[in-house]
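What follows is the residue order along each chain.
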Amino acid sequence: MRHENDYFCNYRDRTRRLLTIETNMKQISELTMRNLSLTLIISLLLSITSLASEQGWIYLFDGKNLDGWEQLNGKAKYEVVDGMIVGTTVMNTPNSFLRTKETYGDFIFEVELLIENNMNSGVQFRSLSDPSYKNGRVHGYQCEVDPSARAWSGGIYDEARRGWLYPLTNNEKARSAFKLGEWNHYRIECIGNTLRTFVNGQPAAYLVDDMTAEGFIALQVHSIRDQSQEGKQIKWKNIRIKTENLRPTKAEDIFVVNLIPNQLSKAEKKQGWKLLFDGKTSNGWKSVKSDEFPKKGWTVENGELTVLSSDGKEKNRGGDIITTEKFSAFDLQFEFKLKEAANSGIKYFTGNNGPSIGLEYQILDDEHPDAAKGVIGNRTVGSLYDLIPARYDRRFVKNVGEWNLGRLVVYPDNKVEHWVNGFKVVEYERGSAIFDALVARSKYARYENFAMAEESPILIQDHNDEVHFRSIKIKDLSKKEEAGIKLGIASYSLREFSLEETLAMANKLGIDRIALKAFHLPLDASDKEIKAAIQKSKDAGVEVYGGGVIYMKSQKEVDHAFKYAEKAGMEMIIGVPTHELLPYVEEKVKKYDIRLAIHNHGPGDKLYPSAESAYELIKDMDCRMGLCIDIGHTKRINRSPSQDLNDFFDRVFDIHIKDVTKAAHDGRTCEVGRGVIDIPQFLKDVIDSGYSGTVALEYEKDGKDPLPGMAESFGYIRGVLKTFEK
């Protein structure tokens with residue numbers, strides 16, 4: 001499997017620069033042998049120096065001294081040895097920090113570090129030390145260095161403040177990135193409210209938070225209390241930072257922890273999250289007893305949805321509330337804050353035994369009397385109420401009056417998870433023999449087929465106590481992707497039909513992603529028309545992920561294309577700009593953060609006959625300049641689609657899949673599986689490559705009646721993908 005496209009793009013850039021340096025060094029050697037002028041040799045040496053500082057990197061450590069750094073808090077030893085900073089543990093002293101004298105807001109930071117296996121450390125960033133806060137104790141974000149069996153290296157901890165913000169329980173894949181006993185490469189990206197970490201190129205943590213916008217960077221030597229730990233060392237080298245022209249690495253596929261109330265980041269939106277509570281109104285919620293939101297017992301104030309205390313009086317109660325939508329498989333997040341001894345819960349799969357009878361994610365202060373009831377703690381916070389107790393370390397649950405992050409995941413196969421503050425505390429399978437046995441011994445034993453409804457609303461319980469909720473968001477997991485591939489449609493396939501007809505056909509084909517051609521969303525559409533078209537697509541359950549093919553022959557057309565894509569909320573433009581316009585397009589890609597995927601059109605096309613012809617022009621440009629590989633046109637110039645995917649993978653943003661009758665200029669589109677392209681091999685290569693974009697069918701045959709051929713093509717593709725499923 002490959003890592004993210006942009007990581008490999010950056011890796012390729014670094015490799016190319018190293019090869020350039022190596023070439024220059026070879027030239028110097030040859031020039032010296034020939035006794036050429038000293039001036040020319042110096043010129044080449046200066047070119048190497050400029051390469052080292054290419055793209056705005058500033059080295060924070062010169063390999064000779066600790067100028068620009070100062071030590072805070074503990075008395076651990078920091079020294080320069082063989083061009084490295086070496087930190088050594090000292091007994092009975094607090095955590096020690098070697099901090100930069102400068103502070104930084106937005107930046108990309110990189111360092112290589114080597115730590116002994118039985119130590120702990122971290123890299124502080126956007127951190128502070130103020131005499132008014134805990135006598136100057138260093139506090140703020142820390143990127144964890146954890147060689148222990150826990151393996152949370154790259155997680156984000158809030159030193160001396162809020163504790164764990166992003167433990168690697170949220171990203172299991174990243175736990176294997178750190179290499180014991182070896183040099184490890186760390187990268188920290190802080191751009192606005194987005195904080196991301198990478199260990200050896202692997203995305204580790206993705207945090208959205210606005211508590212601290214600027215601070216210093218510091219290298220930690222952790223305190224020790226065991227004599228056997230004294231004298232342990234951690235080493236750092238190649239410490240550098242960039243503060244201008246920042247290009248973030250694309251890593252939206254990992255779990256995002258967003259601590260800004262009632263807000264969705266761009267990454268979350270792309271992952272399919274939506275808010276169930278907007279922070280301002282009760283829209284999307286109603287009483288479990290009527291179609292209106294309760295007129296008493298609940299408030300929406302200060303960005304919080306609050307169930308009020310009834311003081312034990314029924315007349316003050318508002319009753320349970322439910323979402324107006326129903327859900328079957330989903331990932332639900334929510335923050336909750338309790339008053340002392342308060343009780344509430346999130347219920348799901350209600351309805352088949354009454355509107356408020358169903359499974360419950362328990363929310364309460366564990367000092368509440370109800371927590372002591374039930375069996376072995378199955379009524380404590382995070383538990384599956386009265387069925388399965390939550391298993392957690394109490395120190396990871398916030399105190400009364402503080403916000404806790406709850407998470408409830410229901411998978412299509414009926415596996416269910418409860419999470420508290422990033423830790424999985426309950427796991428079970430709904431409807432299994434074990435589940436049935438647990439129900440049989442619980443208070444729900446009298447209900448037939450308890451909690452086995454196919455879908456239901458999400459319910460928040462009114463248990464007479466004051467409990468606050470915010471940042472309630474959900475992701476639909478009911479739509480399965482065939483063998484890890486996201487199938488879509490290039491709407492040119494349905495060029496003879498209206499947008500409404502096209503969306504209806506997408507539904508018939510079971511497709512929920514589309515790239516709209518101007519036939520369906522005209523380039524000169526008004527803002528109102530664009531908004532209406534996108535809303536129609538959403539209402540049909542079809543995501544408009546891109547637009548095109550869009551041809552660009554002037555700067556005015558480039559400007560218009562990007563404004564059009566921005567208004568439509570498209571993540572990419574599938575385009576064909578002239579060669580001369582590429583630098584201008586690159587400027588727009590940076591400004592709008594919308595990717596460009598250049599579409600190849602095969603033999604006879606003067607601009608981009610192949611993916612290679614486009615790649616050679618954009619390979620040194622911004623990593624959001626990429627390719628839409630049309631495998632039919634690729635085959636018509638007798639190139640291998642799989643080989644192009646492999647060779648240009650770092651820039652492949654979109655794939656148009658089709659089949660053709662010949663590997664020649666006059667090859668024509670046919671039903672997928674009937675032509676000369678080895679579709680099974682190509683799809684296998686797509687899966688093996690780790691490609692995360694869309695594979696969109698562009699069916700150019702039978703313009704007036706394409707549905708039968710498209711259905712056959714998708715049927716063939718899905719049949720092939722089915723053979724890859726384990």
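Since the model is a prediction, treat every value here as computed from it, not as a measurement.

**Regarding the overall build of the chain**
Okay, step 1: Regarding its fold elements, the chain presents 13 helices and 39 strands.
Okay, step 2: Taking 27 Å as the expected radius of gyration for a compact globule of 726 residues, we find that the chain reaches 29 Å, a close match to that expectation.
Okay, step 3: Among the 726 residues that make up the chain, the fraction classed as buried is 54%.
Okay, step 4: Sequence separation of 24 or more characterises 69% of the internal contacts of the chain that already satisfy a separation of 6 or more.
Okay, step 5: Just so you have it, the chain exposes about 31900 Å², and 49% of that area is on carbon and sulfur atoms.

**Re the packing of aromatic side chains**
Okay, step 1: Counted by the stated rule, this structure contains 19 aromatic pairs.
Okay, step 2: Measuring from centroid to centroid gives 6.5 Å for Phe330 and Tyr348, while their planes differ by 90°, and the two rings are edge-to-face. Within this pair, whereas Phe330 is found in strand β22 (residues 330–338), its partner Tyr348 is found in strand β23 (residues 343–348), the two being separated by 18 residues in sequence.
Okay, step 3: Using a relative accessible area of 1% as the deciding quantity, one classes Tyr348 as buried.
Okay, step 4: Ring geometry for Tyr492 versus Phe519: centroids 6.1 Å apart, planes at 45°, classification tilted. With a gap of 27 residues between them, Tyr492 in the loop between β30 (486–490) and α5 (499–508) and Phe519 in the loop between β31 (513–516) and α6 (527–539) connect regions that are remote in the sequence.
Okay, step 5: Residue classification places Tyr492 among the partly exposed residues on the basis of a relative accessible area of 27%.
Okay, step 6: According to the relative accessible area criterion, Phe519 is partly exposed, its value standing at 46%.

**Observations regarding the state of the cysteines**
Okay, step 1: The final tally for this structure, using the stated rule, is zero disulfides.
Okay, step 2: Here Cys143 is not disulfide-linked; the sulfur of Cys190 is the nearest cysteine sulfur, at 9.6 Å.

**Overview of the confidence of the model for the chain**
Regions with low pLDDT should not have their predicted coordinates read in detail.
Okay, step 1: Confidence in the prediction of the chain, expressed as mean pLDDT, is 90, and 91% of residues score 70 or more.
Okay, step 2: For residues 1–53, every residue scores under 50 in pLDDT, and the model assigns this stretch 68 contacts once sequence neighbours within four places are set aside.

**What to know about the pattern of salt bridges**
Okay, step 1: Counting across every chain of the model gives 50 salt bridges.
Okay, step 2: Between Asp413 and Lys415 there is a salt bridge whose closest N-O contact spans 3.5 Å.
Okay, step 3: On the basis of relative accessible area, Asp413 is assigned to the partly exposed category, the value being 42%.
Okay, step 4: By relative accessible area, Lys415 is classed as partly exposed at 40%.
Okay, step 5: Taking the shortest distance from any N to any O, the salt bridge between Arg624 and Asp593 comes out at 3.0 Å. Here Arg624 is found in the loop between α9 (611–618) and β35 (625–630), whereas its partner Asp593 is found in the loop between α8 (582–592) and β34 (595–599), with 31 residues between them in sequence.
Okay, step 6: On the basis of relative accessible area, Arg624 is assigned to the buried category, the value being 12%.
Okay, step 7: Residue classification places Asp593 among the partly exposed positions, given a relative accessible area of 34%.
Okay, step 8: Via salt bridges that share partners, Glu110, Arg187, Glu189, Arg196 and Arg240 belong to a single interconnected network.

About the thresholds
Residues numbered from 1 in each chain as written. Predicted model: local features only at pLDDT ≥ 70, side-chain atom pairs only at ≥ 80, totals over all residues. Heavy atoms only, no water. Helix = DSSP H or I, 4+ residues; strand = E, 2+ residues; numbered from the N terminus. Rg over C-alpha atoms; globule rule 2.2 N^0.38 Å. Buried < 20%, exposed > 50% of the residue type's maximum accessible area, 1.4 Å probe, protein only. Contact = heavy atoms within 4.5 Å. Areas by Shrake-Rupley, 256 points an atom, 1.4 Å probe, with all protein chains shown as cover. Phe/Tyr/Trp six-rings, centres within 6.5 Å; stacked < 30°, edge-to-face > 60°. Disulfide = S-S within 2.5 Å. pLDDT = per-residue confidence, 0-100. Salt bridge = Lys/Arg side-chain N within 4 Å of Asp/Glu carboxyl O.

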